[in-house]
Amino acid sequence: MSTARHYKIGLLGCGTVGQGLVELVNRNRGLIRERSGIELSFTKILVRDLAKKRPGVDRNLLTIQPDHVINNGCDVVVELVGGLEPARSFIQRALSGRKHVVTANKALLAADGFALLNKAVSQRVQFGFEASVCAGIPIIRALQSGLVGNSIRSLTGILNGTCNYILTRMADAGMPFVDALREAQGKGFAEADPTLDVDGYDAAQKLKILAEIAWGGRIALETVQIEGIRNITLDDVDSARKLGYAVKQVAHAEFNDGGVSLSVHPALLPMAHPLASVRDENNAVQVKGDAVGEMFFHGKGAGSLPSASAVLSDIVDIASHKRSLTRISARAVPVAGADLPYQRYLRFPVGEPSAIGKITSALERQGIGVDRAAAIWAKTSSEQSQVKFVTQSCQADTLRAALSMVSTLGLLQGDYVALRLAA
Ligand SMILES: NC(=O)c1ccc[n+]([C@@H]2O[C@H](COP(=O)([O-])OP(=O)(O)OC[C@H]3O[C@@H](n4cnc5c(N)ncnc54)[C@H](OP(=O)(O)O)[C@@H]3O)[C@@H](O)[C@H]2O)c1
């Protein structure tokens, strides 16, 4: 019988994901040994507060000294502290000491991933980050290895569980945006400050990471066009449903005209679209490759054990020497300013529903044909009347000009909403 090889983990951070990792290693240690021949153990675990309750975690392993983790004979340093600093310094120190590193830190990767990966390559150590995008879904592994023989045409995903949870609750329970957000916070999906989630930045960071792997080079976060979901009302979700669509926050990257265009935006997806049926806090990614065609990945995009599952897969891969050094080329991926035409859903809050005629004329004067239009009368004095349109396909530039013209008509009583209809 062959003996298992011992592999020692130095763990930085024992919060949601860190505790999940300890639980999963303890639960499946035997299974991992059988499958990989690796016997995992923890050397030390860094926390801020030694007194905090951490069920299932051996208190003797806890420390508040980062060096007791990084320089304590471990084989791999796992960073699950989060944020930019001190996480970045911890990782740099680990890499300088020629330790393999695994992290789930998408914010740090979006800001500094290239420099950290480069440092890992120059130190000849591994750098795993599977848990940073879509947690439990092995999408990074799929792009790096399973689909390595494909030229990637596009990536379309639901990458932010909080937004998807909010939009699902709005559609299923008729819950207004603020109540659905509060519920997501209560369940621990959304941050106390939900800006990164609902304004689209979290999904943009993840899209950037996936796109850099898919198209093999560097992409500036600023090139992602970002629109949040704050302005979406129950009324929009309901109108979309009546038209046969679901409102989703979609992250989309597409290679066209020699470059990649990237955006995060709310969109109306036909009910038959695979992303339209992704519910609650789940994530999903649809990948189109030139050889494989369309592939669909779906699963839990956050949470203690799903995230720990991805961290553990990196650790076991590294321990089993299963991968070559991860590289991202220094070249900048060309970014296309492709302004693709889409049909749009438009909603304007107005004083008088009769504004529908003037707004239709303004849209048509800008070359935007109207497929459907409806005027909705306010039911109570505190409500607003609305006019809504589904337009024919138009480019963003044309739409911008038309919307700015509508804004000058003196008819609007608040912010308008303009959403893409994705085919
Ligand atoms: N939560 C998820 O579902 C999820 C999913 C995918 C990726 N991620 C990523 O995983 C990482 C960890 O997230 P999390 O949700 O597990 O965070 P968390 O629950 O806030 O845990 C953070 C841990 O780091 C420790 N810590 C924080 N600052 C520290 C410092 N300055 N010095 C020493 N220890 C420090 C905390 O110690 P105390 O416990 O003593 O406070 C805690 O144990 C983040 O990068 C996050 O983006 C999370």
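Keep in mind it's a predicted model, so treat the numbers as computed, not measured.

1. Structural notes on helix H4 (residues 106–122)
- By the largest-angle criterion, Asp112 marks the main kink of H4, which is about 85 degrees.
- The set of residues buried in H4 consists of Leu108, Leu109, Ala110, Gly113, Phe114, Leu116, Leu117, Ala120 and Val121.
- On its buried face, H4 is in contact with helix H3 (87–96), strand S5 (100–103), strand S6 (127–128) and helix H9 (201–215).
- Positive backbone phi, at 60 degrees, marks Arg124, one or two positions downstream of H4.

2. Comments concerning the environment of Gln249
- Within the secondary structure layout, Gln249 lies in strand S9 (residues 245–256).
- Look past the residues within four positions of Gln249 in its chain and what remains in contact with it is Gly157, Ile158, Asn160, Cys163, Leu167, Asp197, Gly200, Ala203, Ile229, Val264, His265 and Pro266.

3. Quick word on helix H12 (residues 355–365)
- Turning to H12, its buried residues number three or more, namely Ala355, Ile359, Thr360, Ala362 and Leu363. The buried side chains of H12 occupy one side of the element, clustering within an arc of 165 degrees when seen end-on. Seen from the open side of H12, the exposed residues pointing more than 90 degrees away from its buried face are Lys358 and Arg365.
- Tucked into the core, H12 has its buried residues touching strand S13 (343–350), strand S14 (370–376), strand S15 (385–391) and helix H13 (396–407).

4. Observations concerning the packing of H4 against H9
- Axis separation between H4 and H9 bottoms out at 9 Å; the angle between their running directions is 55 degrees. As summarised for this structure, H4 and H9 are arranged oblique, according to the angle between their axes. The handedness of the crossing between H4 and H9 is left-handed. Contacts between H4 and H9 involve Lys106, Ala107, Leu109 and Ala110 on the former and, on the latter, Asp202, Gln205, Lys206, Lys208 and Ile209.
- Along the lines of polarity and charge, the residues of the contact of H4 with H9 split into four nonpolar, one polar and four charged.

Conventions we followed
- Residues numbered from 1 in each chain as written.
- Predicted model: local features only at pLDDT ≥ 70, side-chain atom pairs only at ≥ 80, totals over all residues.
- Heavy atoms only, no water.
- Bend = angle between axes of the 7 residues up to and from the residue.
- Helix = DSSP H or I, 4+ residues; strand = E, 2+ residues; numbered from the N terminus.
- Buried < 20%, exposed > 50% of the residue type's maximum accessible area, 1.4 Å probe, protein only.
- Contact = heavy atoms within 4.5 Å.
- Arc of directions from axis to C-beta.
- Axes fitted to C-alpha atoms, helices over the stretch in contact; angles between N-to-C directions.
- Parallel < 35°, antiparallel > 145°, perpendicular 65-115°, else oblique.
- Left-handed = near helix turned anticlockwise from the far one by under 90°.
- Nonpolar A, V, L, I, M, F, W, Y, C, P; charged D, E, K, R; others polar.

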